[in-house]
Amino acid sequence: MSDSLFEYLLRLADDRLVLGHRLSEWCGHGPILEEDIALANISLDLIGQATLMLRLAGEVEGKGRNEDVLAYFREAVDFRNVQIVELPNGDYAQTIVRQFLFDVYSYHVLEQLQQSSQLELAGIAAKGFKEVRYHVRHSSEWMLRMGDGTEESHARAQKALDDIWRFTPEMFVADAIDDEMLAAGVGSDLRAIKPKWDSVVTDVVTRATLSIPADAAMIGGGRKGRHTEYLGHMLSEMQIVARSHPGAEW
Amino acid sequence: MQRTATRESIMEILAEVKDPELPVIDIVELGIVRDVVFEDDRVRVDVTPTYSGCPAMEVIERDIVTTLNAHGFGDVRVRTTFLPSWTTDWLSDSTKQKLKDYGIAPPGAVEASRGGIAELVTLRRAKPTAECPYCGSANTEERSEFGSTACKAIHFCNGCHQPFDRFKSL
């Protein structure tokens, strides 16, 4: 049980840590000041959620690894995030589409985890749920603005959707760990979340005058440590300070 | 350890600790101090975070320890709790007035989650309104749900043509 719980917490934490780091790359580069501030805020929320989840994971594991050790001293193959969150930022349409597809997923996952029998996780989820509510508002608003905007913004949003769509099925793959956590009342029910995700995503995409791409799936495996080439490069930047000065505190 | 200490007297001391990002508000009225428990010779203070990634929490935890130390409580432990989740509904009217006097529009009542799409798509949601803390005009608009800190949104006053912060409802 505790091995599976550790693994499960890493999945939740790494999705948010990796996406939070990706968003932080926009800091100082946002298209307008309000968006620069918005992405930095969302990044802070996601990294905050990841911190709490990794701290709990470290306690569950019981080997003395705290959140910093887990964030900065694991290799790419030890990360358990889905691949969609590690994709590069691209243009603003790519960033927003990636964010929207994940936000809607995260909204439903955290909504369910508030009822987790693991009370610390339930508490972290209750906090995160309040935050993801306004994350989805932000990303769905931009989906509408870009899709139903100019010819250029529409084309970019549709291209982003077409490029990223194949990474979405991985979010809903439930394996033995998910089943064990669900049966124990700890985890969320990914099979039940999928139709809810479909319905919200379809609604927003349609209102944005965009088209849902044809179903396609990449070879996933992020939950088992199989990642795109992008993650290693991202981690090298994210981890370099901690690894160059091991034990440093600031 | 002062043997005469009570939960209430510790709370009074903790009211000396201010939120570093909102120096007019103390951490007790902010609602993040959830309990004070005496564990033998140790004082345990339970706090709950405002936002998952709020960088002020670390400073606040340190300030709790140093403030209680200064009042003669040598052994202090700060414990983080998550349930019930912090909400701006815990702010009293007088605390909201302090925010307003400081130039930050206070939060309105928290809108309960209605679940699903109705609350997720912005265009279907009434944007929060706020009175301008400078000129009192109600003719203001929300510019962004994200502001200078996790807890604030950016508004603009059409009356006095100034941007201002609103403490978000959470």
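Residues numbered from 1 in each chain as written. Chains lettered and ligands numbered in written order. Predicted model: local features only at pLDDT ≥ 70, side-chain atom pairs only at ≥ 80, totals over all residues. Heavy atoms only, no water.

Asks: I keep staring at the nonpolar core and nothing clicks. Help me out?
Replies: Grouped burial of nonpolar side chains is what soluble globular proteins tend to show. Residues Ile84, Leu101 and Trp197 of chain A together with Leu68 and Phe167 of chain B are the most contacted members of the largest nonpolar core, which totals 113 residues. For this core, the leading source of residues is helix H4 (residues 92–113) of chain A, giving 13 residues. Non-local contacts of Leu68 of chain B, meaning those with residues more than four positions away in its chain, are made with Ile10, Ile13, Leu14, Val43, Val45, Phe73 and Val76 of chain B. If you look at the next biggest cluster of nonpolar residues, it comprises five residues, including Ala105, Ala130, Cys132 and Phe164 of chain B. (Core = buried A, V, L, I, M, F, W, Y, C linked by side-chain atoms within 4.5 Å. Buried < 20%, exposed > 50% of the residue type's maximum accessible area, 1.4 Å probe, protein only. Helix = DSSP H or I, 4+ residues; strand = E, 2+ residues; numbered from the N terminus. Contact = heavy atoms within 4.5 Å.)

Asks: Is there a simple way to think about the sheet that holds strand S3 (residues 33–39) of chain B in this case?
Replies: One key point about sheets: their strands pair by backbone hydrogen bonds, in either a parallel or an antiparallel sense. All names here are of chain B. An order of S3-S4-S5 is seen for the three strands of this open sheet, with the pairing classed as mixed. Edge positions in the sheet fall to S3 and strand S5 (76–80), since each of these pairs with one other strand and no more. Averaged over all neighbouring strand pairs, the angle between strand axes comes to 20 degrees, with direction disregarded. In this structure, S3 lies alongside strand S4 (residues 42–47), joined through six bridges in antiparallel fashion. Looking at S4, one finds that Val33 is bridged to Val47. Across the face of the sheet, helix H1 (residues 7–14) comes into contact with S3 and S4 while running at roughly 130 degrees to S3. (Pairing = 2+ DSSP bridges. Axes fitted to C-alpha atoms, helices over the stretch in contact; angles between N-to-C directions.)

Asks: Quick question: what am I supposed to make of the pattern of salt bridges here?
Replies: Charged atoms that come close allow side chains of opposite charge to pair. Residues and elements named next belong to chain B. Considering all chains together, one arrives at 28 salt bridges over all chains under this definition. Across the pair Glu39 and Arg44 runs a salt bridge, and its minimum N-O distance is 3.0 Å. Owing to a relative accessible area of 12%, Arg44 belongs among the buried residues under this scheme. Put simply, Arg166 and Glu142 hold a salt bridge, and the shortest N to O gap is 3.2 Å. In this pair, Arg166 is assigned in strand S9 (residues 162–167) and Glu142 in strand S7 (residues 140–144), connecting sequence segments 24 residues apart. The exposure classification of Arg166 matches that of Glu142, with both residues buried. Among the charged side chains, a salt-bridge network with shared partners connects Glu39, Arg44, Asp46, Arg77 and Arg79. (Salt bridge = Lys/Arg side-chain N within 4 Å of Asp/Glu carboxyl O.)

Asks: What exactly am I supposed to notice about the interface of chain B and chain A here?
Replies: A common way to state how big an interface is: give the accessible area lost once the parts meet. Between chain B and chain A, the residue contacts involve 34 residues of the former and 35 residues of the latter. Buried surface at the junction of chain B and chain A, both sides included, amounts to about 3000 Å², of which 60% is carbon and sulfur. Area buried by chain B at its contact with chain A is led by Ser52, Leu120 and Phe146 of chain B, which between them contribute 25% of it. At the boundary of chain B with chain A, the tally comes to one salt bridge. Where Arg137 of chain A meets Glu145 of chain B, a salt bridge forms, and the shortest distance between an N and an O atom there is 2.7 Å. The interface formed by chain B and chain A contains seven residue pairs in polar contact (both at pLDDT 80 or more). No other element matches the three residues that helix H5 (residues 117–120) of chain B contributes to the side of chain B that touches chain A. Classifying every residue of the side of chain B that touches chain A by side-chain character gives 15 nonpolar, 12 polar and seven charged. (Buried area = accessible area lost by both parts, 1.4 Å probe. Polar contact = N/O pair within 3.5 Å; in protein donor to acceptor, adjacent residues only side chain to side chain. Nonpolar A, V, L, I, M, F, W, Y, C, P; charged D, E, K, R; others polar.)

Asks: I'm lost on the sheet that holds S7 of chain B in this one. Help?
Replies: Residues and elements named next belong to chain B. Here four strands make up an open sheet; going across it, the order is S6-S9-S8-S7 and the pairing mixed. Edge positions in the sheet fall to strand S6 (104–105) and S7, since each has one partner strand and no second. Where S7 and strand S8 (residues 152–157) come together, four bridges link them in antiparallel fashion. Bridging across to S8, Glu142 finds its partner in His155.

Asks: Help me understand the environment of Arg143 of chain B, please; the structure alone is not making it clear to me.
Replies: All names here are of chain B. Within the secondary structure layout, Arg143 lies in strand S7. Overall, the relative accessible area of 44% leaves Arg143 in the partly exposed class. A sequence separation of 30 residues divides Arg143 from Ser113, and the C-alpha atoms of the two residues are 22 Å apart.

Asks: What am I meant to see in the packing of aromatic side chains here?
Replies: What describes a pair of aromatic rings is the distance from one ring centre to the other and the angle between the planes of the rings. Enumeration over the complete set of coordinates arrives at nine aromatic pairs over all chains. Taking 5.1 Å as the distance between ring centres and 80 degrees as the angle between the ring planes, the aromatic pair formed by Trp26 of chain A and Tyr92 of chain A counts as edge-to-face. Here Trp26 of chain A is found in the loop between helix H1 (2–24) and helix H2 (33–61), whereas its partner Tyr92 of chain A is found in helix H4, with 66 residues between them in sequence. Judged by its relative accessible area of 13%, Trp26 of chain A falls in the buried class. Chaining the aromatic ring pairs together yields one cluster made of Phe102, Tyr105, Trp165, Phe172 and Trp197 of chain A. Over the aromatic face of Trp90 of chain B sits the side chain of Arg34 of chain B, whose NZ or CZ is 3.8 Å from the ring centroid. (Phe/Tyr/Trp six-rings, centres within 6.5 Å; stacked < 30°, edge-to-face > 60°. Lys NZ or Arg CZ within 6 Å of the ring centre and 35° of its normal.)

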